[in-house]
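This is what each chain is made of:
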Amino acid sequence: MTTATDRHADLVLTGARVRLGSGRWAGAVAVRDGIIAAVGEESDVLDLAGRRTRVVSARGGLVVPGFQDSHVHAPFAGRDRRRLWLHDLTGRHAYLDAIAEYAQAHPAEPWILGGGWSMECFPGGTPRKEDLDAIVPDRPVFLVNRDGHGAWVNSRALQNAGIDRDTADPADGRIERDPATGEPTGTLHEGAAYRVNDELVPPPTRAEWEAAILDAQAYLHSLGITGWQDAWVSPETQEAYQVLAADGRLTARVVGALWWDRHQGLEQIPELLARRELWSKADAAPSGGPGSGFHPRTVKIMTDGVLENRTGALLEPYCDGCGGHTDNRGISFIDPELLATAITELDAAGFQVHLHAIGDHAVRNALDAVEAARTANGPSDRRHHIAHIQVVQPQDVRRFAELDVVANCQTYWAQSEPQMDELTLPVLGPERAAMQYPFADLLASGARLAMGSDWAVTTANPLEQMEVAVTRIDPENRGNAPFLPSQRLTLDDALDAFTAGSAFVNHDAHGGAVEVGRRADLALLDTDICAPGFVTADKAPLADARVLLTVAGGAVVHDMLS
């Protein structure tokens, strides 16, 4: 048995197998003073149990390191959970019923706000204002879609924003228009939506942001998640995070990725440095064990949009869905030369950079920019990473390992589902469609993988995401054909990516593993998903397992056993 001292433990987990790593196991684990005090055989670890020790026996279960989500939007998800939440619904009629019910129940709200609608539920992926006008004619409605790259608005919102047939599209977005009249139809893409949100939508107060983060934190803890990287931290959400960290209500370890304003240039770097410095002065004594708290030392840069609305940046034009091509290659939000200079300067200043890149052009631009930083500054331990990586050219796969860039994978997207089948595949064509989400190729090339959900874009449940990583099939439709099955990962690879891989990208030396002296971040599952025969070529029902207990920094933060 490996142990830290001989004092009694605060918590002992026994009965369940404890996964220490691929092919390495223990029978029990003990926690004391926020750290892992012992790992070993059940009889030995139980010797550390005293009169006040909580002993949990979970026969047939599995203990894993607390999951870490390497790309999540907790404040925004928590905010929308407290507003109009459409993520759990499907279809135009279900959305309209929920919107009407919410509007009726909240007559004093000046705006109807929320989101989570799916593009595949509407022809061409674009809902119309008339549907909203019929149920909410008196107030502006602004509903962000599931992936956060567009909004559904009513006529009152368009009027308040001054958007009509003569309004030009912004450089970083598009106003959906009626092809016959040129009138806005009610869908705003990318920058067109963000401008309305930033300039007109009433912003949450700090208290509302704090409540949103706490709501999200409770939900994420219920899924075994003990830490995450927030991929879009504004000054307002940073302030809320820091308040929660200072008074001990932030029980997760959070890395904050400060948002890069694509409408500015290098002149914003001093402000980002000042925000990092503000945190370092306030972070003298975080609670919850070594390395916990809030750490805003990353910068998030969005380099392109998404494929479904044809704003993802491609090397070759989009297909027209009818066998031909358009003249549209998507949008590169940041000039490649500026991107390279920005990453070089951020790298020199000690920032990690978190890059959104969907299309193959965006992925190449991101890799080129990191290569420029490596050339200028030399090797470093910044752990830059590229998220989403939907379409990657084969010659760029090997560059992740060569440049020491982490592949930040959102594995739940790698499945056949209506959005993929109806909106994505027709605009990519078969050759590019076969290049999507090449997780196995990246791993085989030597790249390090981390995993994140992009919640609330899709489910936050790591078990559902890992099932798709292993099967490339929707857990709710297990009879579907696998999507590009050659890119499947093994269960060990998926577990490592959602624990040690994400801990690595989060610069968390105390998390991501069950090891004496590490921070006690643990998840107890009701099912031993690593048992022989549980995952086979025909089945991998990981999403059926449930988290019984979550321990973050030694504290029980989710408990289905008491």
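Note that the structure is predicted; figures quoted are calculated from it, not measured.

Engineer: I'm lost on the packing of aromatic side chains in this one. Help?
Structural biologist: Each aromatic ring pair is summarised here by two numbers: the centre-to-centre distance and the angle between the ring planes. What the rule picks out here adds up to 13 aromatic pairs. Between Tyr95 and Phe122 the ring centres are 6.0 Å apart and the planes differ by 25 degrees, which places this aromatic pair in the stacked class. Here Phe122 lies in the loop between strand 9 (112–117) and helix 4 (129–135) and Tyr95 lies in helix 3 (residues 92–105), a separation of 27 residues in the sequence. With respect to burial, Tyr95 and Phe122 carry one shared label: buried. Their ring planes at 75 degrees and their centres at 6.1 Å tell us that Trp117 and Trp152 sit as a pair that is edge-to-face. You can see Trp117 sitting in strand 9 and its partner Trp152 sitting in strand 11 (residues 150–153), a full 35 residues away along the chain. Aromatic rings pair up to connect Phe76, Tyr194, Trp209, Trp232 and Trp259 into one cluster. We note Arg448 situated over the ring of Phe504; from NZ or CZ to the ring centre the distance is 3.5 Å.

Engineer: Would you mind going over helix 17 (residues 491–505) with me for this structure?
Structural biologist: Counted at 1.5 Å a residue, the expected span for helix 17 with its 15 residues is 21 Å, and the 20 Å between its end C-alpha atoms agrees. Of all 15 residues in helix 17, 11 are buried; the element is thus mostly enclosed. Turning to helix 17, its buried residues number three or more, namely Leu491, Ala494, Leu495, Ala497, Phe498, Thr499, Gly501, Ser502, Ala503, Phe504 and Val505. Remark: His507 follows helix 17 within two positions and exhibits a positive phi of approximately 50 degrees.

Engineer: Would you take a moment to explain empty space enclosed by the protein for this structure?
Structural biologist: Here the idea is plain: a probe the size of a water molecule rolls over the atoms and shows the empty space left. For the structure shown, the criterion picks out three cavities of 30 Å³ or more. As a volume, the largest cavity reaches approximately 60 Å³. Arg79, Asp80, Arg83, Leu113, Gly114, Phe142, Val144, Asn197 and Val201 together form the lining of the largest cavity. Secondary structure elements with two or more residues in the lining of the largest cavity: helix 2 (74–81), strand 9 and strand 10 (141–145). Across the lining of the largest cavity, the residue classes tally to four nonpolar, two polar and three charged.

Engineer: What is the right way to look at the pattern of salt bridges in this model?
Structural biologist: Summed over all chains, the structure comprises 33 salt bridges. Among the salt bridges present, the one from Glu42 reaches Arg59, with a minimum N-O distance of 2.9 Å. Within this pair, whereas Glu42 is found in helix 1 (residues 42–46), its partner Arg59 is found in the loop between strand 5 (54–57) and strand 6 (62–65), the two being separated by 17 residues in sequence. For Glu42, a relative accessible area of 23% translates into the label partly exposed. Accessibility expressed as a relative area gives 58% for Arg59, which makes it exposed. The closest approach of N and O atoms between Arg249 and Glu210, which form a salt bridge, is 3.1 Å. Taken together, the residues span a long stretch of sequence, with Arg249 in the loop between helix 8 (235–246) and strand 15 (253–259) and Glu210 in helix 7 (residues 206–222) at a distance of 39 residues. The class for Arg249 is partly exposed, based on a relative accessible area of 34%. One network of salt bridges, in which partners are shared, links Arg206, Glu210, Glu239, Asp247 and Arg249.

Thresholds, definitions, all that
- Residues numbered from 1 in each chain as written.
- Predicted model: local features only at pLDDT ≥ 70, side-chain atom pairs only at ≥ 80, totals over all residues.
- Heavy atoms only, no water.
- Phe/Tyr/Trp six-rings, centres within 6.5 Å; stacked < 30°, edge-to-face > 60°.
- Helix = DSSP H or I, 4+ residues; strand = E, 2+ residues; numbered from the N terminus.
- Buried < 20%, exposed > 50% of the residue type's maximum accessible area, 1.4 Å probe, protein only.
- Lys NZ or Arg CZ within 6 Å of the ring centre and 35° of its normal.
- Expected span 1.5 Å × (residues − 1).
- 1 Å grid on protein atoms, 1.4 Å probe; cavity = no way out; pocket = protein on both sides within 12 Å on 5 of 7 lines; lining within 4 Å.
- Points joined across faces, edges and corners; volume = space filled by probe spheres on them.
- Nonpolar A, V, L, I, M, F, W, Y, C, P; charged D, E, K, R; others polar.
- Salt bridge = Lys/Arg side-chain N within 4 Å of Asp/Glu carboxyl O.

On their own, these measurements won't tell you what the molecule is for.
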